[in-house]
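Descriptive analysis of the structure
Below are the chains, spelled out letter by letter.
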Amino acid sequence: MICSKTIYADYQATTPADPRILEKMAPFWRESFGNPHSTDHIIGWRAAESVRDSASSVAALIGADADEVIFTSGDTEANNLALLGVARRASANRRRILVSAIEHKCVLAAARTLATREGFTVEAIPVDGEGFIDLSALEDRLDETVLAVSVMAVNNEVGTIQDIPQIAALLVPYGIFFHCDAAQAPCAMEISDLAKHADLVSLSGHKVYGPKGIGALYIRRDVQERIEPLIYGGGQQEGLRSGTVPVPLCVGMAAAAEIFQLPEAPEERTRVSRQRDSFVELLQSRSFPVVVNGPAGDRRHPGNANVRFDGFGAQDILGALQPRLAASTGAACASGMPEPSHVLRALGLSEAQAESSIRFSFGRFTSDEEINEAARLVVGALESLA
Ligand SMILES: Cc1ncc(COP(=O)(O)O)c(C=O)c1O
């Protein structure tokens, strides 16, 4: 995708909306604008039906039912609702929460809040050099004092795809809640049975070619009464998340989920992974030091290339690429002062190695020409900085 002559290689930060999705959303701003919670008239009933249909499509993506999907403002809110929600209804003898060391900042920050303000103990589960959970370290920490374990399906920086069924199976004997942040999963893997393995699954609209401002939390039916809401009000969505549900955004998220249930989804993953591999090969064919961080092979997000350029600063390269190529370090940066990625550090990289690493991510609208041009631009940037 070329945005005013800028090649977009940051699909894991956000995706451009798919025109098919925008088309489905269009009528819901003016013609079908009803409040889905208006119970006295047909306009409201129709809007409610659209929300139910949307929940059904999102649920089908992960093998759940419509009444198990709660719409939120995004994946950040879904993760907060999952962790804070179960913690605030936890019994006094379950006060430990385990999170993988490479979770997104919103999971880590929610867990940290529970530790600093609400009396929970939070433990990080280590990962190996490719970002896979250390299963024996996880197993060693499990007992009946653990309330919840949170492990993302697919990492947003290095693309590691975890073995979710295997992790879930370890938790069952202890009755531990399993929360899975699946924001990056639909683009990376088949997830039609995710709800079988996890009690709580978080999703985001804008990572899957849908709109920003919408996400969803799957809450297994029997877990719903064990969740304390974060937002109180009119009692919408079974009281689990009050507030008027944004119908156009729900329709957009549903349309995004439906596309991932078409035969084109696995084909797209295959094409994108071929393009990603060709990008890396083009970089490696030159004389610069190019190392790929994260796993090799199939257990990696097909669009993710997290590349380390030892001896170069990632920020210098990204700066030199402007305005022609958009990529990122992948690490969250709210302050304007980029910090070395906690994900790369957890994989065992030094601070200097983490600060030499760039995440390139490709997706639905990436063309072969862009791949060639992106690699050429990166090599040009390295030459100008050498
Ligand atoms: C793995 C993961 N979790 C959570 C989030 C936050 O998602 P949202 O922007 O929908 O709040 C992101 C986005 O960066 C992500 O990649």
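Presented here is an overview of the structure given in this document. (Residues numbered from 1 in each chain as written. Predicted model: local features only at pLDDT ≥ 70, side-chain atom pairs only at ≥ 80, totals over all residues. Heavy atoms only, no water.)

A look at the sheet that holds strand β3 (residues 69-72)
Convention followed: Note: two strands are recorded as paired if DSSP finds a minimum of 2 bridges between them. Each helix corresponds to a stretch of at least 4 residues labelled H or I by DSSP, and each strand to a stretch of at least 2 residues labelled E; elements are numbered beginning at the N terminus. Axes here refer to lines fitted to C-alpha atoms; in helices the fit is confined to the stretch in contact. Angles between the N-to-C directions go from 0 to 180 degrees. Whether two residues are in contact is decided by their heavy atoms: any pair within 4.5 Å suffices.
On the basis of which strands lie adjacent, the open sheet formed by 7 strands has the order β3-β9-β8-β7-β6-β4-β5 and mixed pairing. Looking at which strands have only one partner, the edges of the open sheet turn out to be β3 and β5 (121-125). This sheet shows a mean twist of 20° between the axes of neighbouring strands, independent of strand direction. Two elements, strand β4 (residues 96-100) and β5, share 5 bridges in a ladder whose sense is parallel. Looking at β5, one finds that serine 100 is bridged to isoleucine 125. Contacts from helix α5 (residues 105-117) reach β4, β5, β6 (146-150) and β7 (177-181) within the one sheet, and its direction differs from that of β4 by about 160°.

Let's talk about the packing of helix α11 (residues 264-284) against helix α15 (residues 368-385)
The line we're drawing: Angular relationships are summarised with four words: roughly parallel below 35 degrees, roughly antiparallel beyond 145, roughly perpendicular across 65 to 115, and oblique for the angles in between. Crossing handedness is read from the near helix: turned anticlockwise from the far helix by less than a right angle, it gives a left-handed crossing, and turned clockwise, a right-handed one.
Packing of α11 against α15 brings their axes to within 9 Å, and their N-to-C directions diverge by 30°. One element, α11, and the other, α15, form an angle in the roughly parallel class. The way α11 lies across α15 gives a crossing that is right-handed. Together, Arg274, Gln275, Ser278, Phe279, Leu282 and Leu283 of α11 and Asp368, Ile371, Asn372, Ala374, Ala375, Val378 and Val379 of α15 make up the contact between the two elements.

Some points on the site of the ligand
So the rule is basically this: The near set for a molecule or strand comprises every residue that places at least one heavy atom within 4 Å of it. For the purposes of these results, a polar contact is taken to be a pair of N or O atoms within 3.5 Å, where, inside protein, one atom must be able to donate a hydrogen and its partner to accept one; residues adjacent in sequence count only when each atom of the pair is a side-chain atom. The Shrake-Rupley method, run with a 1.4 Å probe, gives the accessible areas here. Residue values count only the displayed protein chains as cover. Residues are grouped as follows: Ala, Val, Leu, Ile, Met, Phe, Trp, Tyr, Cys and Pro are nonpolar; Asp, Glu, Lys and Arg are charged; every other residue, Gly included, is polar.
Close to the ligand lie 14 residues, the nearest being Thr76, Asp181, Gln184, Ser204 and Lys207. Contacts to the ligand include threonine 76, whose side-chain N or O atom sits 2.6 Å from an oxygen atom. Histidine 104 places a polar side-chain atom, nitrogen or oxygen, 3.2 Å from an oxygen atom of the ligand. The fraction of the free accessible surface of the ligand (400 Å²) that becomes covered by protein chains is 86%. Examining the composition of the shell around the ligand, we find that 3 residues originate from one element, helix α4 (residues 75-87), more than from any other. Classifying every residue of the shell around the ligand by side-chain character gives 3 nonpolar, 8 polar and 3 charged.

Here we look at the sheet that holds strand β11 (residues 304-308)
On the basis of which strands lie adjacent, the open sheet formed by 3 strands has the order β10-β11-β13 and antiparallel pairing. The sheet is open, and its two borders are formed by β10 (291-293) and β13 (357-361), each paired with just one other strand. For this sheet, the mean inter-axis angle between neighbouring strands, taken without regard to orientation, is 35°. Pairing analysis gives 5 bridges linking β11 to β13, with the strands arranged antiparallel.

Considering the pairing of strand β9 (residues 215-219)
Operational definition: When a residue's accessible area, from a 1.4 Å probe over protein chains only, is under 20% of the maximum for its type it is buried; when over 50% it is exposed; and in between it is partly exposed.
Burial within β9 is extensive, with 5 of its 5 residues counted as buried. In β9, alternate side chains face the same way, and those of Gly215, Leu217 and Ile219 on one face and Ala216 and Tyr218 on the other are all buried. As paired strands, strand β8 (residues 200-204) and β9 are joined by 5 bridges and run antiparallel to one another. By the bridge assignment, leucine 203 is partnered in β9 with alanine 216.

Topic: the pattern of salt bridges
Going by this rule: Just to be clear on terms, a salt bridge is a Lys or Arg side-chain nitrogen sitting within 4 Å of an Asp or Glu carboxyl oxygen.
As enumerated under the stated definition, the model contains 22 salt bridges in all. A salt bridge links glutamate 339 to lysine 105, with the nearest nitrogen and oxygen atoms 3.5 Å apart. One end of the pair, glutamate 339, is in the loop between β12 (325-326) and α13 (342-346); the other, lysine 105, is in helix α5, with 234 residues separating them in the sequence. Judged by its relative accessible area of 49%, glutamate 339 falls in the partly exposed class. Residue aspartate 222 pairs with arginine 220 through a salt bridge whose shortest N-O separation is 2.7 Å. Aspartate 222 gets classed as partly exposed once you look at its relative accessible area, which sits at 47%. Overall, the relative accessible area of 27% leaves arginine 220 in the partly exposed class.

None of this, on its own, says anything about what the molecule does.
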